[in-house]
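# Observations on the model geometry
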Amino acid sequence: MKLTIIGCSGSFPGPDSPSSCYLLEAEGFRMLLDFGNGALGALQRHIGLYDVDAICLSHLHADHCLDMCPYHVVRTYSPVGPLPKVPVYGPSDARRRLNSAYAMPDEPSLDTAFDFVELTPGTFEVGPFEVTAALMNHPVETYGFRVSHGGRSVAYSGDTGESAELVKLASGADVFLCEASHLDRPDLPSGLHLSGRQAAEHAARADVETLVLTHLVPWNDSDRVLEEARGGGFGGRMELARSGAGYDLG
Ligand SMILES: [Zn+2]
Ligand SMILES: [Zn+2]
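Definitions and cut-offs
- Residues numbered from 1 in each chain as written.
- Chains lettered and ligands numbered in written order.
- Predicted model: local features only at pLDDT ≥ 70, side-chain atom pairs only at ≥ 80, totals over all residues.
- Heavy atoms only, no water.
- Core = buried A, V, L, I, M, F, W, Y, C linked by side-chain atoms within 4.5 Å.
- Buried < 20%, exposed > 50% of the residue type's maximum accessible area, 1.4 Å probe, protein only.
- Contact = heavy atoms within 4.5 Å.
- Phe/Tyr/Trp six-rings, centres within 6.5 Å; stacked < 30°, edge-to-face > 60°.
- Helix = DSSP H or I, 4+ residues; strand = E, 2+ residues; numbered from the N terminus.
- Pairing = 2+ DSSP bridges.
- Axes fitted to C-alpha atoms, helices over the stretch in contact; angles between N-to-C directions.

## Considerations on the nonpolar core
Of all hydrophobic cores here, the largest spans 31 residues; its most connected members are I5, L24, M31, L33, F129 and F145. Non-local contacts of L33, meaning those with residues more than four positions away in its chain, are made with C21, Y22, L24, C56, F145, V147 and Y156. Judged by nonpolar contacts, the second largest core, of 27 residues, contains L23, L40, L57 and M68.

## Topic: the packing of aromatic side chains
Summed over the entire model, instances satisfying the criterion amount to seven aromatic pairs. Taking the centre distance of 5.2 Å and the plane angle of 25 degrees together, the rings of Y89 and F124 count as stacked. With Y89 in strand β5 (residues 86–90) and F124 in strand β7 (residues 122–126), this pair connects stretches of sequence that are 35 residues apart. Ring pairing ties together the aromatic residues F35, Y71, F114 and F116, which thus form one cluster.

## Things to note about the sheet that holds strand β4 (residues 54–56)
Neighbouring strands of a sheet are bound in pairs by backbone hydrogen bonds; such pairs are parallel or else antiparallel. Judged by pairing direction, the sheet is mixed, and its seven strands sit side by side in the order β6-β5-β4-β3-β2-β1-β14 without closing on themselves. Because the sheet does not close on itself, it has two edges, and the strands there are β6 (114–118) and β14 (246–248). Across the sheet, the mean angle from the axis of one strand to that of its neighbour is 20 degrees, orientation sign disregarded. With three bridges joining them, strand β1 (residues 2–7) and β14 adopt antiparallel strand pairing. Note on β14: the bridge partner recorded for L3 is Y247. Strand contacts of helix α3 (residues 68–77): β4, β5 and β6, with the helix running at about 140 degrees to β6, the strand carrying the most contacts.

Written out as structure tokens, the structure is:
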């Protein structure tokens with residue numbers, strides 16, 4: 001399994017990264033975790049335009065799903081089409097909300113390009129991957145994911161505040177993509193996002209191999225997020241996410 005970070009910018013794209021999008025590849029199958037704004041451009045540096053086989057959406061905030069709209073255009077109007085529908089695993093309202101975002105009344109809906117599947121917490125198979133979805137602690141229906149293949153696992157927090165479910169989901173993962181949206185301060189809002197320190201505390205409790213701090217918001221100093229994470233009691237490898245970074249998981 002190979003992981004490539006396509007977009008790791010939190011809440012909106014930054015100068016060096018699109019919003020959230022992670023590519024997982026195994027046995028020639030290619031799956032995206034989230035498809036935030038700007039990701040479709042950077043994705044084409046790593047795979048062909050038509051090569052997405054499945055998509056999992058953590059939640060329906062714009063920075064995690066909006067490039068579904070331009071990707072509908074790619075698959076519906078491409079000169080090489082028609083292309084097979086891509087299964088999209090997302091929150092219960094994903095089909096209606098994304099169709100409403102696209103909102104071109106005289107054109108085909110996103111159903112020409114995608115097969116929407118409603119997520120519920122649990123484990124299911126997508127191509128060669130075993131995927132576990134768990135509800136996170138965020139103001140809208142939000143899932144974290146654990147993707148396993150060949151005995152290796154990648155866990156992804158989506159957006160979340162502090163969460164025992166996240167610790168369970170990430171337990172023993174080889175790579176833990178954990179959001180670190182906040183700079184640390186005493187009055188952090190609950191049920192929204194994590195700071196670097198809190199991300200590291202979750203990584204320590206989950207006993208993961210490598211912590212990758214992601215969903216880095218451009219108005220913060222990322223080096224400070226990393227510095228604060230060093231105070232979270234995690235003894236494993238820890239680094240900042242970077243668009244284009246790859247992780248080979250055997
Ligand atoms: Zn977000
Ligand atoms: Zn969000």
